[in-house]
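Observations on the three-dimensional arrangement
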Amino acid sequence: MAAADLHIHTNFSDGKNSPEEILKMAQEKKLEAFAISDHDNIGGYLHLKDQLGNDDPELIPGVELSAGHRNEDIHILGYYFDPNSEELTATLKQFRERRNQRGIEMLNKLKEQGINIPLELVKEFAGRSAIGRPNVADALVKSGMVHNFSAAFDKYIGYGCPAYVAKFNITPREAIELIHRAKGLAILAHPGIAGAGQHIDQFIGFGLDGIEAFHPMHNSRLQKNYKAFAEKKGLLYTGGSDFHGRQGKYGQVGSVSLPDNTVALMKERLS
Ligand code: AMP
Ligand code: ZN
Ligand code: FE
Ligand code: FE
């Protein structure tokens, strides 16, 4: 089994750890390659790429784009794109600005409910990432407005609740084409989660390059099936831990094993 982890989050999106901490984990696990694939953000990759030495694992440019398909949340992973692509940079900037704007809209809706949460507090929780609902939830807990994190979603910011605001998305087709115009590979993330897998054939029609067969939320039978499916369709298979630095549903860095040829096949498809 090759030691690679192609799905890792940092505190440039909703992960807990800095890119430097992720590098340390990748070194400790003796990974050959790793990808920081933050949600709608490549800041962690840009931050880390010039800090690597010759003996370090390969850092692959990565991103996990939020794509909406009807009312489903689809995630499209991009790899080996040109990180200086102007169009990609502009789209990621738009994601950031729309997220921060949405944070303000959520606070305005909370105000209508008689709840005053200072934007500064939410920004403190967001740190170097754009504002997400977990940051608003943390601020609601800190202000004593709810007893715990999940109550914030149940009462205020969960889907259909009074302070819920939908987030900005692009479509799966736009995500795939954007990654391609930036000369990267477009991979459907965790097809076993939330029914994303049922659209694979449609996404292949948009030029999808592969599927993330190996993911902590796919059991070993599902992983095997997705790999076989990818091979049958002439698609790549990739995988990773989806590490966020928190306990719970995702794995630790390097905890998901990939077939030896995973990264080599990706490079082959690029050329
Ligand atoms: P956002 O991308 O800003 O809409 O935030 C989505 C994140 O909020 C998810 O990744 C979860 O971490 C968290 N989240 C969403 N719904 C819930 C819920 N019902 N309870 C707890 N956390 C949730
Ligand atoms: Zn996440
Ligand atoms: Fe995801
Ligand atoms: Fe992820």
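Residues numbered from 1 in each chain as written. Chains lettered and ligands numbered in written order. Predicted model: local features only at pLDDT ≥ 70, side-chain atom pairs only at ≥ 80, totals over all residues. Heavy atoms only, no water.

1. Describing the pattern of salt bridges
As enumerated under the stated definition, the model contains eight salt bridges in all. Taking the shortest distance from any N to any O, the salt bridge between Arg173 and Glu177 comes out at 3.0 Å. In this pair, Arg173 and Glu177 both sit in helix H7 (residues 172–181), four residues apart, roughly one turn of the helix. (Salt bridge = Lys/Arg side-chain N within 4 Å of Asp/Glu carboxyl O. Helix = DSSP H or I, 4+ residues; strand = E, 2+ residues; numbered from the N terminus.)

2. Describing the sheet that holds strand S3 (residues 58–69)
Reading across the sheet, the seven strands line up as S1-S2-S3-S4-S5-S6-S7 and stay open at both edges, with mixed pairing between neighbours. Edge positions in the sheet fall to strand S1 (4–8) and strand S7 (236–239), since each of these pairs with one other strand and no more. The mean angle between the axes of side-by-side strands here comes to 35°, regardless of whether they run parallel or antiparallel. Across three bridges, the pairing between S1 and strand S2 (residues 33–36) is parallel. Counterpart to Ile8 in the pairing with S2 is Ile36. Each of S3, strand S4 (72–79) and strand S5 (185–188) is contacted by H7, which is oriented at about 155° to S3, the strand it contacts most. (Pairing = 2+ DSSP bridges. Axes fitted to C-alpha atoms, helices over the stretch in contact; angles between N-to-C directions. Contact = heavy atoms within 4.5 Å.)

3. Considerations on the coordination of the iron ion (ligand 3)
Note on the iron ion (ligand 3): its protein donors are Glu64 (OE), His75 (ND1) and His190 (NE2). The metal-donor distances range over 2.0 to 2.2 Å. Read N to C, the donor residues that coordinate the iron ion (ligand 3) are spaced as E-x10-H-x114-H. Metal-to-metal, the separation of the iron ion (ligand 3) and the zinc ion (ligand 2) is 5.9 Å. Here Glu64, found in strand S3, pairs with His190, found in the loop between S5 and helix H8 (200–205); they are 126 residues apart in sequence, far enough to count as distant. (Donors = N, O, S within 2.8 Å, 3.2 Å for Na, K, Ca; no water.)

4. Here's the deal with the site of ligand 1
Ligand 1 sits among Arg99, Arg102, Gly132, Arg133, Pro134, Phe149, Phe153 and Lys167. Between ligand 1 and the protein, one listed contact pairs an oxygen atom with a side-chain N or O atom of Arg99 at 2.7 Å. Contacts to ligand 1 include Arg133, whose side-chain N or O atom sits 2.8 Å from an oxygen atom. The fraction of the free accessible surface of ligand 1 (500 Å²) that becomes covered by protein chains is 61%. (Near = heavy atom within 4 Å. Polar contact = N/O pair within 3.5 Å; in protein donor to acceptor, adjacent residues only side chain to side chain. Areas by Shrake-Rupley, 256 points an atom, 1.4 Å probe, with all protein chains shown as cover.)

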